Amino acid sequence: MARLNDKDDNVNSPLLGATIVTALTACGVTDVVLAPGSRNAALALALHHADARGHLRLHVRVDERVAAFTALGLAKGSGRVVAVVTTSGSAVGNLAPAAMEARAAGVGLLLITADRPAEAIGTGANQTGEQVGAFGPAAVATVRVSSLSGDVASWGAAVQRACVAAAGLRTRRPGPVHLNAEFSPPLVGPVPDAPFVAAETHGSDGVAVYEVADAENTVVLVGDAGWSAGVEARALAELAGLPLLAEPSSNARTGECAIAHYRLLIDSPLGQRIRRVVCFGHPTLSRPVTALLSRADVEVIVVAERAEWGDVGSRATAVVDRVLLPDGDPDWLARWQDADRNVATRRVHGWDGHAVASAVVASVGPDDALFLGSSQSIRDADLAPVNQRPARVWANRGLAGIDGTLSTATGVALATGAPTTVLLGDLTLQHDMGALVAAPLEPGCDIRVVVVDDDGGAIFSTLEQGGPDYDGAFERVFGTPQGIDLAAVATALGWRVTTVTDVESLRAGLAAPVIGRQLVLASVERTARRCTDAALRELGLAAGSWMDQPGKHPA
């Protein structure tokens, strides 16, 4: 293959586009999300060509932000690197929210952005901007290619470097990688062959085992985590007989050791007896957990599945790949289990976000996928009864934003092929309205979206700004009611919509199979949210105090 340079009249953007796509498939990329444009035309044609021949699966989205979060969901659901392709200019900036989430969550995302030739940047030429470095610290690496220089071998190698970096094969630090591709006219033409053979790449496995001498007053805490980490954490807790404090997206929240109301017990006298935490995943869901990980009297052992780890309280004693624990005291686990049951039997169950979350968690099984929206929905799920036959669970907890929730969940559904249930709030859905649109030429999925519609931001009611001192400002600047008829919006976009106003009708709706696009609108009030939250905390304190009494043995 002749090397191209700036003196060639036959600059070949179609060849660069074909090489990038060929290299992606050679590196094992199976899904690519495309946001159409002009400067990325060569990539679009090459992707269409590859999709038609079954070399990869192409997903087209007209909104770049939706495209990026769909790619994020595909990557989460498949466990593989997924690419998203955009044109130049401001289109690139729309990838930033998903890139930030992928960076924090350790998800392999390849951000392929078409660009103008370097000499056009800074001249005022149409749709030009400084794209290199556009994602700042969100990108774990940046790779550049240009149709004006290089050849199939060098372009393909660059793509492979980007894929390896995104997968974290050498660094154990998967995340978003920016591949910026400069295309010069002519931008389109027949899709050429671009033979490229990927080099053999081996992953880097770190093995650091930390052996604990005793398991006295130890708990296993699991934040947001993938399936394998969740299974490992649960197995560790059950083998040692220790309380398992697992967030809803931990994929560990099941089994006899799982404590459903752990969040309410951490601040109680029973929780104050904790002396060691073995921490998996990314635990950021609640303030009690953050406070626990910050305590000076608690040893924190972080089990990291990546090169990076989360030391939320900045007090980690050790950061390791594996932990060996001896058997714990059966009385320690029994006290947590009994306190958990005590809270469960004394809870008052009304029609609110807690009731909706509990019904949703109970409705899914091992063959299903569950995606939890951030903000209040996942926190309500954090107090739901433990499901002994749980679904695989996902959430965007890297940065815990509500951006792109439905798009990400759609990607998970497309990647897994499993019936997918999504739990989110009305404002979270409004942040991703574009994901309600399903193009008729695109692959579909079976997805049920349960919306807790309380016309505003329920989570703020439970925070400081929800107190009486801020009543005058609360609704306008925190509650932010929008008054949108979400049922009408979803119906207009082709969703089958059901509105429920009580637990019985919700459970009946959830009992039906997930087929096609369904939206369940659960209308609830949020006026009592602060009082409910306070009452639950009191129940936890009381249960933890009772079980911590000297000589008290669990029934």
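See above for the structure.
What you are looking at is a predicted structure, and each value in this text was computed from that prediction instead of being measured.

How each quantity is defined
- Residues numbered from 1 in each chain as written.
- Predicted model: local features only at pLDDT ≥ 70, side-chain atom pairs only at ≥ 80, totals over all residues.
- Heavy atoms only, no water.
- Axes fitted to C-alpha atoms, helices over the stretch in contact; angles between N-to-C directions.
- Helix = DSSP H or I, 4+ residues; strand = E, 2+ residues; numbered from the N terminus.
- Parallel < 35°, antiparallel > 145°, perpendicular 65-115°, else oblique.
- Left-handed = near helix turned anticlockwise from the far one by under 90°.
- Contact = heavy atoms within 4.5 Å.
- Nonpolar A, V, L, I, M, F, W, Y, C, P; charged D, E, K, R; others polar.
- Salt bridge = Lys/Arg side-chain N within 4 Å of Asp/Glu carboxyl O.
- Buried < 20%, exposed > 50% of the residue type's maximum accessible area, 1.4 Å probe, protein only.
- 1 Å grid on protein atoms, 1.4 Å probe; cavity = no way out; pocket = protein on both sides within 12 Å on 5 of 7 lines; lining within 4 Å.
- Points joined across faces, edges and corners; volume = space filled by probe spheres on them.
- Pairing = 2+ DSSP bridges.
- Core = buried A, V, L, I, M, F, W, Y, C linked by side-chain atoms within 4.5 Å.
- Right-handed = clockwise from strand over helix to strand, strands pointing away.

A. Structural view of the packing of helix α1 (residues 13-26) against helix α6 (residues 152-167). Viewed as axis vectors pointing N to C, α1 and α6 meet at an angle of 45°, and their least axial separation amounts to 9 Å. When the axis of α1 is compared with that of α6, the two are oblique. Both α1 and α6 take part in a crossing whose hand is right-handed. Facing Leu 15, Leu 16, Thr 19, Ile 20, Ala 23 and Leu 24 of α1, the residues of α6 in contact are Val 152, Trp 155, Gly 156, Val 159 and Cys 163. For the contact of α1 with α6, the per-class residue count stands at 9 nonpolar, 2 polar and no charged.

B. Representation of the pattern of salt bridges in the model. All told, the structure shown has 18 salt bridges when counted by the stated rule. Ionic pairing is found between Asp 321 and Arg 172, a salt bridge with its closest N-O pair at 2.8 Å. Remark: Arg 172 occurs in the loop between α6 and β6 (176-182) and Asp 321 occurs in the loop between β12 (316-320) and β13 (322-324); sequence separation between them is 149 residues. The partner of Asp 533 in a salt bridge is Arg 537, and the shortest N-O contact between them spans 2.3 Å. With a gap of 4 residues between them, Asp 533 and Arg 537 both fall in helix α19 (residues 529-547), about one helical turn apart.

C. Here's a closer look at the environment of Val 356. As for its placement among the helices and strands, Val 356 is situated in helix α12 (residues 353-363). Accessibility expressed as a relative area gives 0% for Val 356, which makes it buried. Residues Val 356 and Val 524 lie 168 residues apart in sequence; the distance between their C-alpha atoms is 9.2 Å. Those residues in contact with Val 356 that sit more than four places away from it in its chain are Trp 351, Leu 423, Val 450, Val 452, Leu 506, Ala 522 and Val 524.

D. How the structure looks around the layout of surface pockets. By volume, the second largest pocket amounts to about 620 Å³. When contributions to the lining of the second largest pocket are tallied by element, the ones reaching two or more residues are α11 (330-346), α12, α18 (503-511) and α19. When residues of the lining of the second largest pocket are assigned to their parent elements, the largest contribution, 6 residues, is made by α12. Looking at the lining of the second largest pocket residue by residue, the class counts come to 16 nonpolar, 10 polar and 7 charged.

E. Representation of the sheet that holds strand β3 (residues 82-86). As summarised here, the arrangement of the 6 strands in space is β2-β1-β3-β4-β6-β5, forming an open sheet in which the pairing is parallel. In this open sheet, the two edge strands, each paired with only one partner strand, are β2 (57-60) and β5 (141-146). With strand direction ignored, the average angle separating the axes of adjacent strands in the sheet is 20°. Judged from the 7 bridges that link them, strand β4 (residues 109-115) and β6 form a sheet pairing that is parallel. Opposite Leu 111, over in β6, you have His 178 as the bridge partner. Against the sheet, helix α3 (residues 64-78) makes contact with β1 (31-34), β2, β3 and β4, and its axis sits at roughly 170° relative to β3, the strand it touches most.

F. Focus on the nonpolar core. Counting 54 residues, the largest nonpolar core has Val 220, Val 222, Val 277, Val 323 and Trp 336 as its most contacted members. Beyond its immediate stretch of four places on either side in the chain, Trp 336 contacts Val 219, Pro 243, Leu 245, Ile 259, Leu 265, Leu 270, Gly 271 and Ile 274.

G. Representation of the packing of α3 against helix α5 (residues 96-105). For the pair α3 and α5, the least separation of the axes is 8 Å and the interaxial angle reads 25°. The orientation of α3 with respect to α5, classified from their angle, is roughly parallel. Judged by residue contacts, Arg 65, Ala 68, Phe 69, Leu 72 and Lys 76 of α3 engage Pro 97, Ala 98, Glu 101, Ala 102 and Ala 105 from α5. For the contact of α3 with α5, the per-class residue count stands at 7 nonpolar, no polar and 3 charged.

H. Inspection of the environment of Arg 103 at higher detail. Assignment of secondary structure puts Arg 103 in helix α5. Arg 103 sits 180 residues away from Pro 283 along the chain, and the two C-alpha atoms are 16 Å apart.

I. Molecular detail of the sheet that holds strand β8 (residues 218-222). Pairing is parallel in the open sheet, where 5 strands are placed in the order β9-β8-β10-β11-β12. On the outer flanks of this sheet lie β9 (244-246) and β12, each paired with one strand and no other. Sheet twist, expressed as the average angle between the axes of neighbouring strands with direction ignored, equals 20°. In the sheet, β8 pairs with β9 via 3 bridges, with the strands oriented parallel. If you follow Val 220 over to β9, its bridge partner there is Leu 244.

J. Summary view of the pairing of β6. With 7 of 7 residues buried, β6 is to be regarded as a mostly interior element. Alternating positions in β6 separate into two faces, Pro 176, His 178, Asn 180 and Glu 182 on one and Val 177, Leu 179 and Ala 181 on the other, with burial throughout. Two strands pair when backbone bridges link them, and β5 and β6 are joined in this way by 6 bridges, in the parallel orientation. Within β6, the residue paired with Ala 141 across the bridge is Val 177. Crossover handedness for the path β5 to α6 to β6: right-handed.

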